[in-house]
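Here are the chains, one letter per residue:
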Amino acid sequence: MAALRYAGLDDTDSEDELPPGWEQRTTKDGWVYYANHTEEKTQWEHPKTGKRKRIAGDLPYGWEQETDENGQVFFVDHINKRTTYLDPRLAFTVDDNPTKPTARQRYDGSTTAMEILQGRDFSGKVVVVTGANSGIGFETAKSFALHGAHVILACRNMTRANEAVSRILGEWHKAKVEAMTLDLAVLRSVQHFAQAFKAKNVSLHVLVCNAAVFALPWSLTKDGLETTFQVNHLGHFYLVQLLQDVLCRSAPARVVVVSSESHRFTDINDSSGKLDFSRLSPSKNDYWAMLAYNRSKLCNILFSNELHRRLSPRGVTSNAVHPGNVMYSSIHRSWWVYTLLFTLARPFTKSMATLPVR
C-alpha cells in the first residue's frame, strides 16, 4: 500500500489496499477521502471496505500542512526539504464508527458546530455571517473558517470584529477571514456593505443572517423605523435583496436566517386576519420589547420561506433555524433583568460551542 511504503513499512495484501486508479487524500481536519482518477470522483468510504477513516495523531516533527491554490491539502517536510500530497500519517489511520448512525444519533443538544462540520472541506467557499464578533455568529464564522472557507464577519463594531478575526487566526493562522462594516440599523450602511462586497468580485455561497437585538427600549432608527424590527428583520431583508444576484450566480448557495421559537408567541395580523403593518414598527405607546422581538422572528421565518420558494429553482435555498435555548449569548445585554434571568438559566441551556451549523 502506498501509505505503508511511504512510511517505510512492507506492503501487504490487506483489504485496505486501494484498487488501481484510486488515491487516498486528507482534509484539513484529518478525515480521509478517496479519489477515483478513472471516474474523476471522490468519496468518503473506502472503495473496498466501505469504512470511513480519520488520521490519528499529530504530524511528525518537521512536517507542516499547507493548502495549494486549488484548495488541496499538501505536506511540507522541512527537514528533508520536500513536499508531497500524501499525508505521512496515512499508515496509521483509524476507523470511524463502522455503523452509519442516523441523523438523530449523530446530532443532539451537546453536539458542537465543529463536530457537525468535521470531515467537510469548505475550501473555495465564501461565507458571510452578520453579527459575527460574538455569540452564535462568532462560533459559526469560526467553524466555517477552520474548515477552509473564506469568511467575512459583517459587524457594526469594527473594533470587536477585528478582535474576533484575531481570535480565529490565533486558532489557525492560515484561516481566510476578514471583517467588514455592516450596521443593520442604517439602511445606507447595508447598501454600502453590499457595494463593497460586490467590488471584491467573489462568489457568495452561504449568507448567515444572524445579527439581532433583544429587549431594547423603544427607539427609532435613522430610517424612521422601530429598531428591533429593522435590525432583526428589515436590514437582513434588504441585504439579501441587494446580494440576490451574487447568490444566484454562485449557486448552489444558501441563506440561513437565525430565528427563534418565540415566533410562536405573537401575531402580526389584525382582528380581521389581515396584515397589520403598525405591529411591525409600533409607536412608543404600543411597544413591548418582548413582543417586538417575537414579531421580528416571525418575520424572519415568513421571509425565509418565501425566499426559498422564489430562489430554490435558481439553486439558492433558504432555511430559518432555531439555535436552541442559548443563554450564553450577549443578546440580553440591554436590560439587567434579562441578564439576571439568562444567568440563572444557563446551567439548563446550550453553550455557544454546541450550536448547530448545517
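Residues numbered from 1 in each chain as written. Predicted model: local features only at pLDDT ≥ 70, side-chain atom pairs only at ≥ 80, totals over all residues. Heavy atoms only, no water.

I'm lost on the environment of Glu178 in this one. Help?
Among the structural elements, Glu178 can be located in strand β11 (residues 176–181). When the C-alpha positions of Glu178 and Ala164 are compared, they lie 9.3 Å apart, and in sequence the two are 14 residues distant. Here Glu178 is in contact with His150, Val151, Ile152, Leu153, Val165 and Lys200, once residues within four sequence places are set aside. Within the structure, Glu178 has its side chain in polar contact with the side chain of His150 (distance 2.8 Å). (Helix = DSSP H or I, 4+ residues; strand = E, 2+ residues; numbered from the N terminus. Contact = heavy atoms within 4.5 Å. Polar contact = N/O pair within 3.5 Å; in protein donor to acceptor, adjacent residues only side chain to side chain.)

Can you walk me through the UniProt feature "domain: WW" (unreviewed entry) in the protein chain in this structure?
Mapped onto this numbering, the UniProt entry annotates "domain: WW" (unreviewed entry) at residues 16–49 and 57–90. Here residues 16–49 is 0% helix and 38% strand, with 7 Å between the C-alpha atoms at its ends. The distance from the first to the last C-alpha atom of residues 57–90 is 10 Å, and the span holds 0% helix and 38% strand. (UniProt positions renumbered as here; feature names shortened; annotations may be inferred.)

Just to check I follow, could you spell out unusual backbone geometry for this structure?
Across the junction of Ala251 and Pro252, the peptide omega takes the value 5°, indicating a cis bond. As for its placement among the helices and strands, Pro252 is situated in the loop between α7 (227–249) and β13 (253–258). A positive phi is found at Asn201, a non-glycine position, where the angle reads about 55°. Within the element layout of this structure, Asn201 appears in the loop between α6 (187–199) and β12 (206–209). A positive phi angle, close to 60°, is found at Ala215, a residue other than glycine. Within the secondary structure, Ala215 sits in the loop between β12 and α7. Given a relative accessible area of 7%, Ala215 falls into the buried group. (Buried < 20%, exposed > 50% of the residue type's maximum accessible area, 1.4 Å probe, protein only.)

Help me understand the sheet that holds strand β7 (residues 82–84) in this model?
Pairing between sheet strands relies on hydrogen bonds along the backbone, with the strands arranged either parallel or antiparallel. An order of β5-β6-β7 is seen for the 3 strands of this open sheet, with the pairing classed as antiparallel. Whereas interior strands pair on both sides, the edge strands pair on one side only; in this sheet they are β5 (63–67) and β7. Sheet twist, expressed as the average angle between the axes of neighbouring strands with direction ignored, equals 30°. Relative to β7, strand β6 (residues 73–77) is paired through 3 bridges, and the arrangement is antiparallel. Bridge assignment links Val76 to a residue of β7, and that residue is Thr83. (Pairing = 2+ DSSP bridges. Axes fitted to C-alpha atoms, helices over the stretch in contact; angles between N-to-C directions.)

Looking at this structure, I do not really get the packing of α7 against helix α9 (residues 289–311). What am I missing?
Any two packed helices are characterised by how steeply their axes cross, that is the angle between the axes, and by the distance between the axes. As a packed pair, α7 and α9 sit with axes 8 Å apart at the nearest point and diverge in direction by 15°. Considered as vectors, α7 and α9 are oriented roughly parallel to each other. Viewed along their axes, α7 and α9 form a crossing whose handedness is right-handed. Between α7 and α9, the residues in contact are Thr228, Phe229, Asn232, His233, Phe237, Val240, Gln241, Gln244 and Cys248 and Ala292, Tyr293, Ser296, Lys297, Cys299, Asn300, Phe303, Leu307 and Leu311, respectively. By residue class, the composition of the contact of α7 with α9 is 10 nonpolar, 7 polar and 1 charged. (Parallel < 35°, antiparallel > 145°, perpendicular 65-115°, else oblique. Left-handed = near helix turned anticlockwise from the far one by under 90°. Nonpolar A, V, L, I, M, F, W, Y, C, P; charged D, E, K, R; others polar.)

Hey, could you run me through the packing of aromatic side chains in this one?
Geometry of an aromatic ring pair is reported as the spacing of the ring centres plus the angle between the planes. The final tally for this structure, using the stated rule, is 6 aromatic pairs. Where Phe74 meets Tyr85, the ring centres are 5.8 Å apart and the plane angle is 55°; that geometry is what we call tilted. Separated by 11 residues along the polypeptide, Phe74 in strand β6 and Tyr85 in the loop between β7 and β8 (94–95) bring together distant segments of the chain. Its guanidinium or amino end placed over the ring of Phe138, Arg167 lies 3.9 Å from that ring's centre, counting from NZ or CZ. (Phe/Tyr/Trp six-rings, centres within 6.5 Å; stacked < 30°, edge-to-face > 60°. Lys NZ or Arg CZ within 6 Å of the ring centre and 35° of its normal.)

I tried to follow the pattern of salt bridges on my own but got confused; where do I start?
Between side chains of opposite charge, pairing is possible as soon as their charged atoms come close. Applying the stated criterion across every chain yields a total of 15 salt bridges. For the salt bridge of Lys174 with Glu64, the shortest nitrogen-to-oxygen distance reads 3.6 Å. Here Lys174 is found in the loop between α5 (158–171) and β11, whereas its partner Glu64 is found in strand β5, with 110 residues between them in sequence. By relative accessible area, which is 27% here, Lys174 ends up partly exposed. For Glu64, a relative accessible area of 26% corresponds to the partly exposed category. For Lys142, the salt bridge goes to Glu171, with nearest N and O atoms at 3.5 Å. (Salt bridge = Lys/Arg side-chain N within 4 Å of Asp/Glu carboxyl O.)

Just to check I follow, could you spell out the side chain of Asn232 for this structure?
Secondary-structure assignment places Asn232 in helix α7. Judged by its relative accessible area of 1%, Asn232 falls in the buried class. In this structure the side chain of Asn232 is engaged in a polar contact, spanning 2.8 Å, whose partner is the backbone nitrogen of Val213. At a separation of 3.1 Å, a polar atom in the side chain of Asn232 contacts the side chain of Ser296.

Would you mind going over the confidence of the model for the protein chain with me for this structure?
Atomic detail in the predicted coordinates should be set aside for any region of low pLDDT. In this model, the protein chain carries a mean pLDDT of 83, and residues with pLDDT of at least 70 account for 82%. Long-range and interchain partners of residues 344–350, a stretch whose pLDDT sits below 50, account for 16 contacts in this model, where long-range means more than four residues apart. Note on residues 354–358: pLDDT is under 50 here. Beyond four places in sequence and across chains, it has 22 contacts. (pLDDT = per-residue confidence, 0-100.)

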